[in-house]
Each structure stands twice: as structure tokens, then as C-alpha cells.
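Coordinate analysis (summary)
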Amino acid sequence: MASRKIAVIIGSLRKDSFNRKVAKTLMLLAPPTLEMEIIEIGQLPLYNQDDDAAPPPVYTEFRDKLKEFDGVLFCTPEYNRSVPAALKNAIDVGSRPYGQSAWGSKPCAVVSVTPGALGAFGANHHLRQSLVFLNMPAMQQPEAYLANIASQYDGDNLTNDSTKAFLQKFVDAFAVWVERHAD
């Protein structure tokens, strides 16, 4: 398999977020065919269509950066049964102006992470609705809803062997998915 560049988008802006820890764990577990890089989204001002004619430089930098990647891994918490505003904003910024989406046709996967019991199921599926419109083939199996994550880390170290084995299976399947669907 060829090496593929994967943008890792983390929906939580909290510096010690569990989503960031899971993303970093997945990056460590990834096969050598995936070159994964976290793309930060917290610096993006709220999308405003009025800016399409003369976008802020940070919009252009973000869009150009996304275009360098072959696929995307989203790690998201759940806020009010949906994705955080920062993640939705990054999706909007990357998808505009209309017809010039930097996301289009990139294979992707979604991991939802929460210290709660439901695995951020609502955010996972709400995000998938946007991905359909963006024409991003999203990996269907294995699904990744990580619940009760707070008890599974000691600092940045994942201590739950079952979760680690699942994440290994997930990232290996994602590598196959990307290879199958990348342009």
C-alpha cells in the first residue's frame, strides 16, 4: 500500500481533552501506510459568507492545508447531542466558498469520545450527516463510540487493553478504507 497523509481533526479545544489523547493514541497505533497529522481548528474565526470574496488568511491557510491530505480522521466529543461549535465551524470554513470544498471526496472516519456512558453517539451521527453532504466516504465499520474514557487513561497513556485492541482494529481498518477510497 502507498503511504497516505491523514488530517486528524479534534473537535475539542481543551488542551488536555480526551479526544486529543485518543487521537494521539490512534496516531501511535497507525500502520506505517498512514502519515497522520493533527490540524488545529481553534484559531479559525466563525465562518461568515461575507468573507468569501476576501477570506481571512487563516481560512485560506486552513483550506490549502486540508487539500494536502488524502483522508481525514475526526475525533469529537458530544455537546448537546451534536458536535462542538469549533468542529462545525471548521467544516464550514473548509467547505466554502460553495463548489470549492477542501473536504470533497476525502475518505474519513469518525471517533466519538466521552467520559459519559453513551459514547457520544449523537455527535458521531450528527457529524456523519455533514460528511454525506461534503461527499466524504465515511468508514461504517468498525464504529467507534468510546464511553467512560476518563477512567482509561493515566496521563496520556491508555491503560485499558481492550480499548487499545479496539483502537488498533479501528485504525487498521481505516488504513484499508483510505487506500480503497483515496483518489
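Residues numbered from 1 in each chain as written. Predicted model: local features only at pLDDT ≥ 70, side-chain atom pairs only at ≥ 80, totals over all residues. Heavy atoms only, no water.

Brief notes about the packing of aromatic side chains
- Using the criterion set out here, one finds 5 aromatic pairs in the structure.
- When the ring of Phe62 is compared with that of Trp103, the centres are 6.2 Å apart and the planes differ by 70°; the resulting orientation is edge-to-face. Of this pair, Phe62 sits in helix H2 (residues 57–67) while Trp103 sits in the loop between helix H3 (85–95) and strand S4 (108–113); the two residues are 41 residues apart in sequence, bridging distant segments of the chain.
- Residue class for Phe62 comes out buried when judged on its relative accessible area of 3%.
- Judged by relative accessible area, which is 0%, Trp103 ranks as buried.
- Between Phe121 and Tyr145, the ring centres sit 5.3 Å apart and the planes meet at 40°, which makes this aromatic pair tilted. Residue Phe121 is located in helix H4 (residues 121–133), and its partner Tyr145 is located in strand S5 (residues 144–146); the two are separated by 24 residues in the primary sequence.
- Phe121 sits in the partly exposed class, given a relative accessible area of 45%.
- On the basis of relative accessibility, which here comes to 24%, the residue Tyr145 falls in the partly exposed class.
- The rings of Phe62, Phe74 and Trp103 are connected pair by pair, giving a single aromatic cluster.
- A cation sits over an aromatic face here: Lys5 above Phe69, 5.0 Å from the ring centre. (Phe/Tyr/Trp six-rings, centres within 6.5 Å; stacked < 30°, edge-to-face > 60°. Helix = DSSP H or I, 4+ residues; strand = E, 2+ residues; numbered from the N terminus. Buried < 20%, exposed > 50% of the residue type's maximum accessible area, 1.4 Å probe, protein only. Lys NZ or Arg CZ within 6 Å of the ring centre and 35° of its normal.)

No statement about biological role is implied by the geometric values presented.
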